[in-house]
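Below, each chain spelled out in residue letters.
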Amino acid sequence: MVQKKALITGVAGQDGAYLARFLLDKGYEVHGLVRWDSYVAKRDGLRRLNLLEVLGPYFSIHYGDVSDAHNIASVIKSTKPDEIYNLAALSHVQVSFDVPASSFDINAHGILNILEAVRCLDMEERVRIYQASSSEMFGKVPAPQNEMSAMQPCSPYGVSKLAGYHLARLYRESYGLWVCNGILFNHESPLRGEDFVTHKVTRYVAELEHGYQKPLSLGNLEAIRDWGDARDYVRGMWMMMQAEEPDDFVLASGQALSVRAFVDAAFSSLGYQIEWRGSGLDELGVDAETGNVLVKIDEAFYRPLELDHLLGDASKAKDILAWKPEIGFEQMLRDMIEHDRKIISLEGNGDG
Ligand code: G4F
């Protein structure tokens with residue numbers, strides 16, 4: 001059987017690592033684009049790939065950057081992929097307010113460079129492209145959101161992702177490129193970056209077992225998110241790429257929780273009950289048993305503009321692709337905390 005080849009940009013991230021593992025298990029030859037800073041800090045930069053045992057004979061690393069048009073064209077030309085998954089992104093919403101131009105370079109220019117490379121190399125006939133679009137594009141529109149909802153992003157990240165989404169759609173409609181947009185709602189896992197709220201919380205809860213130190217500082221607790229599991233979502237990406245026609249699909253769990261409810265669930269999974277006292281910036285989350293302050297509010301984690309309510313409707317993916325999430329919220333939370341406990345005990349043994 002002829003082995004399919006995939007190129008994954010952003011392969012060192014949460015989704016990239018899970019997708020690489022998934023495709024290797026399906027018998028693909030996988031090429032991963034990794035940025036120079038992962039090369040410099042190789043051990044840390046490639047830690048997810050190491051953990052999932054991705055590095056091996058059917059996986060090749062290419063150092064580069066989607067915002068460098070020459071680089072991405074040359075990687076596409078040399079690897080000749082059947083499928084390109086564009087997962088490279090500046091993905092932290094709050095950070096995008098600090099570096100809006102970089103967000104555009106990576107999130108909008110990046111996909112443009114890929115689309116142009118495929119077109120100029122006359123590879124339209126053989127390559128399929130997946131663009132990682134985001135529920136952050138919906139911004140302020142009322143929940144639930146699906147493929148037909150309006151889009152009013154409220155962060156530089158969301159605006160840059162919306163530009164990327166439209167470029168993908170435009171190249172599909174005007175040049176006939178096989179490009180699909182996966183509009184993914186928040187998706188978490190043990191490999192989630194620790195600067196995202198879920199992993200920041202689970203890491204703190206796991207550390208509590210080794211003794212109380214200082215409170216966890218968080219921002220807005222009222223925002224509501226639809227949290228699914230990244231492992232289900234990379235399967236969905238692949239399913240979109242196997243469809244007969246290129247199209248755009250929402251992937252979501254269909255259940256939403258506030259950040260506060262997530263915090264409560266994470267703490268209670270290890271037996272801590274939080275009592276919320278006070279309000280606004282003075283609000284505290286107190287351990288009902290010991291009186292220790294576990295959570296405090298820090299204005300620094302508030303964004304200039306907040307996206308209040310995301311709840312995805314993934315009916316189209318269910319109907320057309322037969323995709324549905326298999327890992328529930330409770331299991332995801334359990335896996336994240338178990339992973340953090342393991343990492344913390346390895347660090348304690350000097351193996352971290
Ligand atoms: O975990 P977050 O940083 O994820 P956010 O902003 O929803 O973005 C994630 O999901 C998007 C899909 O909709 C992706 F496109 C994007 O790349 C990323 O993966 O924040 C979630 C919520 C926000 O409302 C934030 O204001 O948690 C709130 N929050 C409260 N305290 C915090 C914190 N977020 C972070 N990162 N850190 C805090 O201390």
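On a predicted model such as this, the values are computed, not experimentally measured, just so you know. All residue numbers here refer to positions counted from 1 along the written sequence of the relevant chain. In keeping with the model being predicted, local features are shown solely for residues with a pLDDT of at least 70 and side-chain atom pairs are shown and tallied solely at 80 or more, while totals for entire chains, interfaces and linings include all residues. Where side-chain values are given, they derive from all heavy atoms of the structure, hydrogens and water being excluded.

Moving on to the sheet that holds strand E14 (residues 284-287). Whether parallel or antiparallel, the strands of a sheet pair through hydrogen bonds between backbone atoms. Sheet architecture is open: four strands sit in the order E8-E15-E14-E13, paired in mixed fashion. Strands with a single pairing partner mark the edges of an open sheet, and in this sheet they are strand E8 (216-218) and strand E13 (274-277). When the angles between neighbouring strand axes are averaged without regard to direction, this sheet yields 20 degrees. Bridge count between E8 and strand E15 (residues 293-297): three bridges; the pairing is parallel. Here, a strand pair is defined by DSSP locating no fewer than two bridges between the strands. Numbering goes from the N terminus for both helices and strands, where a helix is a DSSP run of H or I of at least four residues and a strand is a run of E of at least two. The angle between two axes is taken between their N-to-C directions and runs from 0 to 180 degrees, where each axis is a line fitted to C-alpha atoms and a helix contributes only its stretch in contact.

This brings us to the sheet that holds strand E5 (residues 128-134). Read across the open sheet, the seven strands follow the order E3-E2-E1-E4-E5-E6-E11; overall the sheet is parallel. Of all strands in the sheet, those bounded by a partner on one side alone are strand E3 (59-63) and strand E11 (248-251). Mean inter-strand twist for the sheet, computed between neighbouring axes without regard to direction, equals 20 degrees. As judged from the seven bridges shared by E5 and strand E6 (residues 178-184), these two strands associate in the parallel manner. Looking across to E6, one finds that alanine 132 is bridged to glycine 182. Across the sheet, helix H1 (residues 14-25) touches strand E1 (5-9), strand E2 (29-34), E3 and strand E4 (83-86), and the angle it forms with E1 is around 175 degrees. The criterion used for residue contact is that any of the two residues' heavy atoms lie within 4.5 Å.

To continue, consider the domain arrangement of the protein. These domain boundaries are the output of an automatic or database domain assignment. Per the domain assignment, the segments making up the protein are domain 1 (5-190 + 228-255 + 309-327) and domain 2 (197-221 + 258-307 + 337-348). For domain 1 versus domain 2, the distance between C-alpha centres works out to 30 Å. Listed per partner, the contact involves 14 residues of domain 1 and 11 residues of domain 2. Summed over both partners, the accessible area (1.4 Å probe) lost when two parts come together is defined as the buried area. Summing both partners gives a buried area of about 1100 Å² for domain 1 against domain 2, and 61% of it is carried by carbon and sulfur. In terms of surface lost to domain 2, no three residues of domain 1 exceed Gln94, Phe97 and Pro190, which account for 43% of the buried area on that side. The salt bridge definition used is simple: a Lys or Arg side-chain nitrogen within 4 Å of an Asp or Glu carboxyl oxygen. Taken together, domain 1 and domain 2 are joined by zero salt bridges. If you tally residues by element for the side of domain 1 that touches domain 2, the top one is helix H6 (residues 93-98), at three residues. For this classification, Asp, Glu, Lys and Arg are treated as charged, while Ala, Val, Leu, Ile, Met, Phe, Trp, Tyr, Cys and Pro are nonpolar and the rest, including Gly, are polar. The class makeup of the residues in the side of domain 1 that touches domain 2 is six nonpolar, five polar and three charged.

Take the confidence of the model for the protein next. Each residue carries a pLDDT score, the predictor's own confidence in it, on a scale running from 0 to 100. Looking at the protein as a whole, the pLDDT averages 96, with 97% of positions reaching at least 70. Averaged pLDDT values for the elements of the protein fall to 72 in helix H2 (residues 36-40) and rise to 99 in E11.

A word on the nonpolar core. The nonpolar core is taken to be a set of buried Ala, Val, Leu, Ile, Met, Phe, Trp, Tyr and Cys residues, with the residues joined through side-chain atoms within 4.5 Å. The buried label applies to any residue whose accessible area, calculated with a 1.4 Å probe on protein chains only, is under 20% of its type's maximum; exposed applies above 50%, and partly exposed to all values in between. Counting residues in hydrophobic clusters, the biggest one holds 54 residues, and the most contacted among them are Ile8, Leu23, Tyr85 and Tyr130. Looking at which element gives the most residues to this core, the answer is helix H10 (residues 230-241), with eight residues. If we skip the residues at most four places from it in the chain, tyrosine 130 touches Ile84, Tyr85, Asn86, Leu87, Cys180, Gly182, Leu184, Met237, Met240 and Met241. Within the second largest apolar cluster, 25 residues are counted, among which are Leu208, Leu218, Phe262 and Met332.

Here we take up the site of the ligand. Residue proximity to a molecule or strand is established when one non-hydrogen atom of the residue lies within 4 Å of it. Around the ligand sit 25 residues, and of these Ser91, Ser134, Ser135, Arg303 and Glu306 come closest. One of the side-chain N or O atoms of asparagine 186 is found 2.8 Å from an oxygen atom in the ligand. Counted as a polar contact is a pair of N or O atoms within 3.5 Å, where, for protein atoms, one must be capable of donating a hydrogen and the other of accepting one, and residues adjacent in sequence contribute only when both atoms are in side chains. Separating an oxygen atom of the ligand from a side-chain N or O atom of arginine 192 is a distance of 2.9 Å. Look at the ligand: alone it shows 710 Å² of surface, and the protein chains cover 97% of it. Of all the secondary-structure elements, those providing two or more residues to the shell around the ligand are helix H9 (197-208) and E8. A breakdown of the residues in the shell around the ligand according to their chemical character gives 10 nonpolar, eight polar and seven charged. Per-domain counts for the shell around the ligand show at least three residues from each of domain 1 (5-190 + 228-255 + 309-327) and domain 2 (197-221 + 258-307 + 337-348). Here, Shrake-Rupley sampling with a 1.4 Å probe gives the accessible areas, and only protein chains in the shown set may cover a residue.

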